[in-house]
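# Topology and contacts: notes
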Amino acid sequence: MTNLEKRALVEECRRSNLTAKQWCEAKEIKYRSYIDWASKINKEDRVAPAKLMQWAEVTPVTKTQEKEKAEVKLICGKWIITVEAGFSPTILAEVLKVVDAVC
């Protein structure tokens, strides 16, 4: 079994609502093998966390630009939501719920 397959199984187990032991029993996987895989993955992630991170693009804004138009752009796939000063937090929350369901 490849490391990628082991990682996928560990992630599946973590997403389940079962304990690792229960999940292993249900999948007929040796619990000790799972512990070895999860430990190795945890160690790899601690050593090289940057490979799992995704950085957002940040564009600096001058004070003049800030006064002209204070806004935040939220980008999710093909969606771009621009939130300007004076926005309604209630409406934004509702829009984000819909976008989260779609993205």
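To keep things clear, this report deals only with the structure shown in the data block. (Residues numbered from 1 in each chain as written. Predicted model: local features only at pLDDT ≥ 70, side-chain atom pairs only at ≥ 80, totals over all residues. Heavy atoms only, no water.)

### Brief notes about the overall build of the protein chain
Selection rule: Put simply, DSSP H or I for four residues or longer makes a helix, DSSP E for two residues or longer makes a strand, and each gets a number counted from the N terminus. To sort residues, take the accessible area from a 1.4 Å probe on protein chains only and compare it with the maximum for the residue type: under 20% means buried, over 50% means exposed, and anything in between is partly exposed. Here a residue-residue contact requires only that any non-hydrogen atoms of the pair lie within 4.5 Å. Here the open area of atoms and residues is found with the Shrake-Rupley method and a 1.4 Å probe, where only the protein chains shown may cover a residue.
When its secondary structure is counted, the protein chain shows 5 helices and 2 strands. Along its sequence from the N terminus, the protein chain presents helices and strands in the succession α-α-α-α-β-β-α. Burial status across the protein chain gives 16% buried among its 103 residues. Long-range contacts, defined as pairs at least 24 residues apart, comprise 27% of the intrachain contacts of the protein chain with a sequence gap of at least 6. Surface accessibility of the protein chain: about 8,900 Å² in total, with carbon and sulfur atoms responsible for 57%.

### Observations regarding the environment of Leu18
Relative to the elements of secondary structure, Leu18 occurs in the loop between helix H1 (3–15) and helix H2 (20–27). For Leu18, a relative accessible area of 40% puts it in the partly exposed group. Apart from the residues within four sequence positions on either side, Leu18 is in contact with Cys13 and Trp23.

### Focus: H1
The criterion, for reference: One less than the residue count of a helix, multiplied by 1.5 Å, gives the span that helix is expected to have. Directions drawn from the helix axis to the C-beta atoms are what define this arc.
With 13 residues, H1 extends 18 Å from end C-alpha to end C-alpha; this agrees with the ideal 18 Å at 1.5 Å per step. For H1, the complete set of buried residues consists of Arg7, Leu9, Val10 and Cys13. For H1, the angular spread of the buried residues around the axis is 165 degrees, confining them to a single face. Exposed side chains of H1 directed beyond 90 degrees from the buried face belong to Leu4 and Arg15. Buried positions along H1 lie against H2 and helix H3 (31–47).

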